[in-house]
Amino acid sequence: MIHTIDFNGQKLQCSEDETIMDALERSKVRYDVECRSGYCGTCRCRLIEGTVDYDSHPIARFSDNDLLICIAKPTSNVVVESY
Ligand code: FES
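These numbers come from a predicted model, not from an experiment.

Caption draft 1: Quick look at the packing of aromatic side chains. Evaluation of the coordinates by the stated rule reveals two aromatic pairs. Relative to Y31, the ring of F7 lies with its centre 5.6 Å away and its plane at 85°, an arrangement referred to as edge-to-face. Of this pair, F7 sits in strand β1 (residues 2–7) while Y31 sits in the loop between α1 (20–26) and β3 (44–49), and the two are 24 residues apart along the sequence. You can call F7 buried: its relative accessible area is 4%. Above the face of the Y83 ring, R44 is positioned so that its terminal group lies 4.3 Å from the ring centre.

Caption draft 2: Just the sheet that holds β1, in detail. Strand order across the open sheet formed by five strands is β2-β1-β7-β3-β5, with mixed pairing between neighbours. Of all the strands in the sheet, the pair left with one neighbour each is β2 (10–15) and β5 (66–68). Taking each pair of neighbouring strands and ignoring which way they run, the sheet shows an average axis angle of 40°. By the bridge criterion, six bridges tie β1 to β2 in an arrangement that is antiparallel.

Caption draft 3: Geometry of unusual backbone geometry. Residues other than glycine seldom take positive phi values, yet K28 does so here, at roughly 65°. If you trace the backbone, K28 turns up in the loop between α1 and β3. The backbone phi angle of R36 is positive, close to 60°, even though this residue is not glycine. When you line up the elements, R36 lands in the loop between α1 and β3. The class of R36 is partly exposed, set by a relative accessible area of 43%.

Caption draft 4: Looking closely at the environment of M21. Relative to the helices and strands, M21 is located in helix α1. Among the residues examined, M21 registers a relative accessible area of 1% and is labelled buried. Taking the C-alpha atoms as reference points, M21 and A72, 51 residues apart in sequence, are found 8.0 Å from one another. With residues near it in sequence (within four places) discarded, M21 still touches Y31, V33, R36, I69 and C70.

Caption draft 5: Expanded view of the pattern of salt bridges. Within the structure shown, the criterion is met by six salt bridges. Salt-bridge contacts for K73 lead to D55; the nearest nitrogen and oxygen are separated by 2.4 Å. In this pair, K73 is assigned in strand β6 (residues 72–74) and D55 in the loop between β4 (52–54) and β5, connecting sequence segments 18 residues apart. Among the residues examined, K73 registers a relative accessible area of 17% and is labelled buried. Under the relative-accessibility criterion, D55 is labelled exposed at 64%.

Thresholds, definitions, all that
Residues numbered from 1 in each chain as written. Predicted model: local features only at pLDDT ≥ 70, side-chain atom pairs only at ≥ 80, totals over all residues. Heavy atoms only, no water. Phe/Tyr/Trp six-rings, centres within 6.5 Å; stacked < 30°, edge-to-face > 60°. Helix = DSSP H or I, 4+ residues; strand = E, 2+ residues; numbered from the N terminus. Buried < 20%, exposed > 50% of the residue type's maximum accessible area, 1.4 Å probe, protein only. Lys NZ or Arg CZ within 6 Å of the ring centre and 35° of its normal. Pairing = 2+ DSSP bridges. Axes fitted to C-alpha atoms, helices over the stretch in contact; angles between N-to-C directions. Contact = heavy atoms within 4.5 Å. Salt bridge = Lys/Arg side-chain N within 4 Å of Asp/Glu carboxyl O.

Structure representation (structure tokens):
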């Protein structure tokens, strides 16, 4: 299933089997990431609306209103803002 990602006002398409970071990179949207595996928290963003799922348990700490875009896969249309 394909979902729409609103990332800082920019609309992207993202399938449920790719991460939000994958969709950003496919669309040539640059964003700082380091570990790409949920450890460092560098990619932490604010989840304004929608739901995501994680294939692996995120190690970095973040609040319920945040997400790690390097490992987050959308399960609905989402609105995300960077910090
Ligand atoms: S880049 Fe390290 S947690 Fe996402």
